Amino acid sequence: MIENWMGPSALWLLEWLCSELRLAPGARVLDLGCGRAVTSIFLAKEFDVQVVAADLWIKPTENWRRIDAAGQAKLVTPLLAEAHDLPFAEGYFDVIVSVDAYHYFGTDERYLSYLSRFLAPGGRIGIVVPGLTTELDDGLPEHLKPHWEPDFWTFHTPAWWKQLWSRSGVVDDVRADFLEDGWRDWLVWSEAVLETTDNETARKLVPREVRMLRADTGRHLGFTRVIAQRT
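Residues numbered from 1 in each chain as written. Predicted model: local features only at pLDDT ≥ 70, side-chain atom pairs only at ≥ 80, totals over all residues. Heavy atoms only, no water.

### Describing the environment of Val 97
- Relative to the assigned elements, Val 97 resides in strand 4 (residues 93-99).
- Residue contacts for Val 97: discarding those within four places in its chain leaves Leu 17, Leu 21, Val 29, Leu 30, Asp 31, Leu 32, Leu 43 and Gly 126. (Helix = DSSP H or I, 4+ residues; strand = E, 2+ residues; numbered from the N terminus. Contact = heavy atoms within 4.5 Å.)

This is the structure we're talking about:
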């Protein structure tokens, strides 16, 4: 996992997400923004589902090597895909998941309407993203200002996400919640990565996360989970 670092621990977050999803053996699953495909491999191994591992930044050939080495060549298909230009048949997937990625492309009012067309009627969609305990409409707290990046404005509360999805008209049974003490998991993972990784990007970015999480101590930062069913 550390060798394939791309942010918070994707498998911890995926386990939390899957605890509320109905993943039947043989289901067709889209892992959108899969990164280095470790989440896709996990889904195939743990639930015996067919997974399309779609990502824009990691080349399919690179992910295919990991998938094949993990013994999941029959169940996981790597694909280069941009989230707004997905090459799938409408209604093809039973489940769509996205871990630590959806906030980069899915905060637009129209995106869920686009993505949901690739779900079968009654299909489930679930995401986990970095989140907030309360919206920062009045500006950043002083303790976050030294660590904040423009991308972090994509972090939102469960209530914010629930409202966005509920008014889309394309999903129902929308549930959104916050991971209790999720900031501690994030911090423990980040500290472990920092202690052991040789990844230059991680060594550059993770110290900022560690300082930010230590300064915040869960007052604002953590993880939001959102799950819904296609209408």
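### Regarding the packing of aromatic side chains
- Under the counting rule described, the total for this entry stands at 18 aromatic pairs.
- Ring centres 5.9 Å apart and planes at 50° place the aromatic pair Tyr 111 and Tyr 114 in the tilted group. In this pair, Tyr 111 and Tyr 114 both sit in helix 4 (residues 111-116), 3 residues apart, roughly one turn of the helix. Per residue, the accessibility class of Tyr 111 equals that of Tyr 114, and both read buried.
- Following the ring pairs from residue to residue traces out a cluster consisting of Phe 88, Tyr 92, Phe 93, Tyr 102, Phe 105, Tyr 111, Tyr 114, Phe 118, Trp 160, Trp 161 and Trp 165.
- Sitting above the plane of the Tyr 92 ring, Arg 28 keeps its charged end 4.6 Å from the centroid. (Phe/Tyr/Trp six-rings, centres within 6.5 Å; stacked < 30°, edge-to-face > 60°. Buried < 20%, exposed > 50% of the residue type's maximum accessible area, 1.4 Å probe, protein only. Lys NZ or Arg CZ within 6 Å of the ring centre and 35° of its normal.)

### Let's talk about the nonpolar core
- Core analysis: the largest hydrophobic core is formed by 48 residues, its most contacted members being Leu 17, Val 29, Leu 43, Trp 148 and Leu 221.
- Counting residues per element, the ones that place at least two in this core are helix 1 (10-18), helix 2 (38-47), strand 2 (50-55), strand 4, strand 5 (119-132), helix 6 (182-196), helix 7 (200-216) and strand 7 (221-230).
- Examining the composition of this core, we find that 7 residues originate from one element, helix 1, more than from any other.
- One finds Val 52, Ala 101, Phe 105 and Ile 125 within the second-largest nonpolar core, a separate group that totals 29 residues. (Core = buried A, V, L, I, M, F, W, Y, C linked by side-chain atoms within 4.5 Å.)

### Some details on empty space enclosed by the protein
- Tallied over the full model, the rule gives 1 cavity of 30 Å³ or more.
- In terms of lining residues, the largest cavity is bounded by Tyr 102, Gly 106, Asp 108, Glu 109, Tyr 111, Leu 112, Leu 164, Trp 165 and Ser 168.
- Elements with a contribution of two residues or more to the lining of the largest cavity: helix 4 and helix 5 (158-166).
- By residue class, the composition of the lining of the largest cavity is 5 nonpolar, 2 polar and 2 charged. (1 Å grid on protein atoms, 1.4 Å probe; cavity = no way out; pocket = protein on both sides within 12 Å on 5 of 7 lines; lining within 4 Å. Points joined across faces, edges and corners; volume = space filled by probe spheres on them. Nonpolar A, V, L, I, M, F, W, Y, C, P; charged D, E, K, R; others polar.)

### Looking at the packing of helix 1 against helix 2
- Remark: helix 1 packs on helix 2, axes separated minimally by 10 Å, with the N-to-C direction vectors making an angle of 45°. When the interaxial angle is binned, helix 1 and helix 2 end up oblique. As helix 1 packs across helix 2, the resulting crossing turns out to be right-handed. Where helix 1 approaches helix 2, its residues Ala 10, Leu 11, Leu 14, Glu 15 and Cys 18 are matched on the opposing element by Val 38, Thr 39, Phe 42, Leu 43 and Phe 47.
- Here the residues of the contact of helix 1 with helix 2 sort into 8 nonpolar, 1 polar and 1 charged. (Axes fitted to C-alpha atoms, helices over the stretch in contact; angles between N-to-C directions. Parallel < 35°, antiparallel > 145°, perpendicular 65-115°, else oblique. Left-handed = near helix turned anticlockwise from the far one by under 90°.)

### Considering helix 7
- Taking 1.5 Å as the rise per residue, helix 7 with 17 residues should run 24 Å; its terminal C-alpha atoms sit 25 Å apart, in good agreement.
- Maximum bend of helix 7: about 30°, positioned at Val 206, with proline Pro 207 one to four residues after it.
- When we look at burial in helix 7, the residues that qualify are Ala 202, Val 206, Pro 207, Arg 208, Glu 209, Val 210, Met 212, Leu 213 and Asp 216.
- Summarising the contacts, the buried residues of helix 7 are in contact with helix 6 and strand 7.
- A distance of 2.8 Å separates the backbone nitrogen of Thr 201 from a side-chain oxygen at the start of helix 7, and that oxygen is part of Asn 199.
- Downstream of helix 7 by a residue or two, Thr 217 has a phi angle that is positive, lying close to 50°. (Expected span 1.5 Å × (residues − 1). Bend = angle between axes of the 7 residues up to and from the residue. Polar contact = N/O pair within 3.5 Å; in protein donor to acceptor, adjacent residues only side chain to side chain.)

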